[in-house]
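This is what each chain is made of:
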Amino acid sequence: MGEKEWYLEYEIQKNRPGLLGDISSLLGMMKINIVTINGVDEGRRGLLMIAKDDDQIERLESIIHTMDTIKLIKLREPKLRDRLAVRHGRYIQRDADDKKTFRFVRDELGLLVDFMAELFKQEGHKLIGIRGMPRVGKTESIVAASVCASKRWLFLSSTLLKQTIRNQLIEDEYNENNLFILDGIVSTKRGNERHLQLVREIMRLSAVKIVEHPDIFVQNTEYTLEDFDYIIELRNESEEEITYDLVEKSNIFAGSEDFDF
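Our subject in this report is the structure included herewith. (Residues numbered from 1 in each chain as written. Predicted model: local features only at pLDDT ≥ 70, side-chain atom pairs only at ≥ 80, totals over all residues. Heavy atoms only, no water.)

Digging into the overall build of the protein
For step 1, the next point in the chain: Each helix and strand counted, the protein has 9 helices and 13 strands in total.
For step 2, the next point in the chain: Here the C-alpha coordinates of the protein stretch approximately 65 × 40 × 25 Å along the principal axes.
For step 3, the next point in the chain: Evaluated residue by residue, the protein yields a buried proportion of 49% over its 261 residues.
For step 4, the next point in the chain: Within the protein, contacts between residues at least 6 apart in sequence are counted, and of these 74% link residues at least 24 apart.
For step 5, the next point in the chain: By element, 46% of the accessible surface of the protein is carried by carbon and sulfur atoms, the whole surface being about 13,300 Å².
For step 6, the next point in the chain: For the protein, the separation between the mean place of its 38 positive charges and that of its 47 negative charges on side chains is 2 Å. (Helix = DSSP H or I, 4+ residues; strand = E, 2+ residues; numbered from the N terminus. Buried < 20%, exposed > 50% of the residue type's maximum accessible area, 1.4 Å probe, protein only. Contact = heavy atoms within 4.5 Å. Areas by Shrake-Rupley, 256 points an atom, 1.4 Å probe, with all protein chains shown as cover. Lys, Arg positive; Asp, Glu negative; His and termini not counted. Charge placed at Lys NZ, Arg CZ, Asp CG, Glu CD.)

Right, dumping it as structure tokens:
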């Protein structure tokens, strides 16, 4: 069996000088190589490591269970959230009831961009919704993540600079490697039938689609929230309420020009 990457997360039960050195030494004696280590929560550390076989990991788990200084939290093949937690030193907040909903605040824009970039790099169909109040950084984060993922982005509808509503694309824009962005309020409140038909065509593409204000989008189209693979919520602060009365007014009347082509 070849080398495989693993994620280890433990909670410190008795903090003392040299504890991290002890863990590193234990892994070294077991010939398990540490790739990255970081704090991922208060009192918790996460490690990405490489082991040559599963027996090493089974022995490591047995040894950790005998230690009174740390408590094993996770030992598994790393998921995207694990990798980002080690990279950024914090976990992405996930809704306890709806596992496909992820929450961010404005001071976590770096983590959000990194998270979306990893999603954008994945091949095939992916429908992502992003909720948030006006000027919180939704569109800018999407564009930044597109750049990080080396993806070309196309706006079907937007209010980033001026109100944009597209009714058709040119031939090379129907590319499954492109990233398609639309504003759910602008598309459903201002888009004509030609625009909505374009949206349906893009939804059938095996590509990544991002919908700002997905709740308004599903209220006025045949799509449902069940069709979305991920829902992202972005707030100025964790207790902020996302209210759509203000959001709708801001989007419908933002900008004075339409691009209909």
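Here the narrative resumes.
So, the pairing of strand 6 (residues 101–105)
For step 1, the next point in the chain: Within strand 6, 4 of the 5 residues are buried, leaving the element largely enclosed by the surrounding structure.
For step 2, the next point in the chain: Hairpin connection of strand 5 (residues 93–94) to strand 6: 6 residues between the antiparallel strands.
For step 3, the next point in the chain: For strand 6 and strand 13 (residues 230–235), the ladder comprises 5 bridges, and the chain directions are parallel. Bridge pairing links Arg 103 to Glu 233 in strand 13. (Pairing = 2+ DSSP bridges.)

What to know about a nonpolar patch on the surface
For step 1, the next point in the chain: On the surface, Leu 20, Ile 34 and Ile 37 cluster together to form a nonpolar patch covering roughly 190 Å² of accessible area.
For step 2, the next point in the chain: Following the sequence through the fold, Leu 20 ends up in helix 1 (residues 19–29).
For step 3, the next point in the chain: Classification of Leu 20 as partly exposed rests on a relative accessible area of 32%. (Patch = residues over 30% accessible without salt bridge, like charges linked within 9 Å, V, L, I, M, F, W, Y side chains within 5 Å. Salt bridge = Lys/Arg side-chain N within 4 Å of Asp/Glu carboxyl O.)

A few points about the sheet that holds strand 13
For step 1, the next point in the chain: With mixed pairing, 7 strands are arranged side by side in an open sheet as 5-6-13-7-12-11-8. Two strands bound the open sheet, and with one partner strand each, they are strand 5 and strand 8 (153–155).
For step 2, the next point in the chain: Bridging between strand 7 (residues 126–132) and strand 12 (residues 208–212) involves 5 bridges; their strand directions are parallel. Across the sheet, residue Ile 128 finds its bridge partner in strand 12, namely Ile 210.
For step 3, the next point in the chain: Relative to strand 8, helix 5 (residues 138–148) is tilted by about 150°, and along the sheet it contacts strand 7, strand 8, strand 11 (179–183), strand 12 and strand 13. (Axes fitted to C-alpha atoms, helices over the stretch in contact; angles between N-to-C directions.)

Here's the deal with helix 5
For step 1, the next point in the chain: The complete set of buried residues in helix 5 reads Lys 138, Thr 139, Ser 141, Ile 142, Val 143, Ala 145 and Ser 146.
For step 2, the next point in the chain: Where helix 5 is buried, its residues meet helix 4 (109–121), strand 7, strand 8, strand 11, strand 12 and strand 13.
For step 3, the next point in the chain: Just downstream of helix 5 lies Ser 150, where phi reads positive at about 55°.

Observations regarding the nonpolar core
For step 1, the next point in the chain: With 26 residues, the main nonpolar core has Phe 104, Phe 115, Phe 120, Ile 142, Ile 210 and Ile 232 as its most contacted residues.
For step 2, the next point in the chain: For this core, the secondary structure elements donating two or more residues are strand 6, helix 4, strand 7, helix 5, strand 11, strand 12 and strand 13.
For step 3, the next point in the chain: The element best represented in this core is helix 4, accounting for 8 residues.
For step 4, the next point in the chain: Discounting residues that sit within four places of it in the chain, Phe 120 has contacts with Ile 128, Ile 142, Ala 145, Ser 146, Ala 149, Lys 151, Leu 179, Val 208 and Ile 210. (Core = buried A, V, L, I, M, F, W, Y, C linked by side-chain atoms within 4.5 Å.)

Things to note about the side chain of Glu 9
For step 1, the next point in the chain: Structurally, Glu 9 is set in strand 1 (residues 4–12).
For step 2, the next point in the chain: Residue classification places Glu 9 among the buried positions, given a relative accessible area of 0%.
For step 3, the next point in the chain: Side-chain polar atoms of Glu 9 contact the side chain of Arg 44, separated by 3.2 Å.
For step 4, the next point in the chain: Residue contacts for Glu 9: discarding those within four places in its chain leaves Val 40, Arg 44, Arg 45, Gly 46, Lys 71, Leu 72, Ile 73, Lys 74 and Tyr 91. (Polar contact = N/O pair within 3.5 Å; in protein donor to acceptor, adjacent residues only side chain to side chain.)

A few points about the pattern of salt bridges
For step 1, the next point in the chain: Applying the stated criterion across every chain, the model contains 22 salt bridges.
For step 2, the next point in the chain: Taking the shortest distance from any N to any O, the salt bridge between Glu 233 and Arg 103 comes out at 3.0 Å. With Glu 233 in strand 13 and Arg 103 in strand 6, the pair connects residues that are 130 residues apart, well separated along the chain.
For step 3, the next point in the chain: Residue Glu 233 is classed as buried on the basis of its relative accessible area of 7%.
For step 4, the next point in the chain: Residue class for Arg 103 comes out partly exposed when judged on its relative accessible area of 33%.
For step 5, the next point in the chain: In this structure, the salt-bridge partner of Glu 233 is Arg 235, at a minimum N-O distance of 2.8 Å. Assigned by exposure class, Glu 233 and Arg 235 land together as buried.
For step 6, the next point in the chain: Among the charged side chains, a salt-bridge network with shared partners connects Asp 95, Arg 103, Arg 131, Asp 215, Glu 233 and Arg 235.

Considering the pairing of strand 11
For step 1, the next point in the chain: Within strand 11, 5 of the 5 residues are buried, leaving the element largely enclosed by the surrounding structure.
For step 2, the next point in the chain: Both faces of strand 11 are covered, namely the face carrying Leu 179, Ile 181 and Asp 183 and the face carrying Phe 180 and Leu 182.
For step 3, the next point in the chain: When strand 11 meets strand 12, the two strands line up parallel, connected through 5 bridges. Residue pairing across strands places Leu 182 opposite Val 211, the latter belonging to strand 12.

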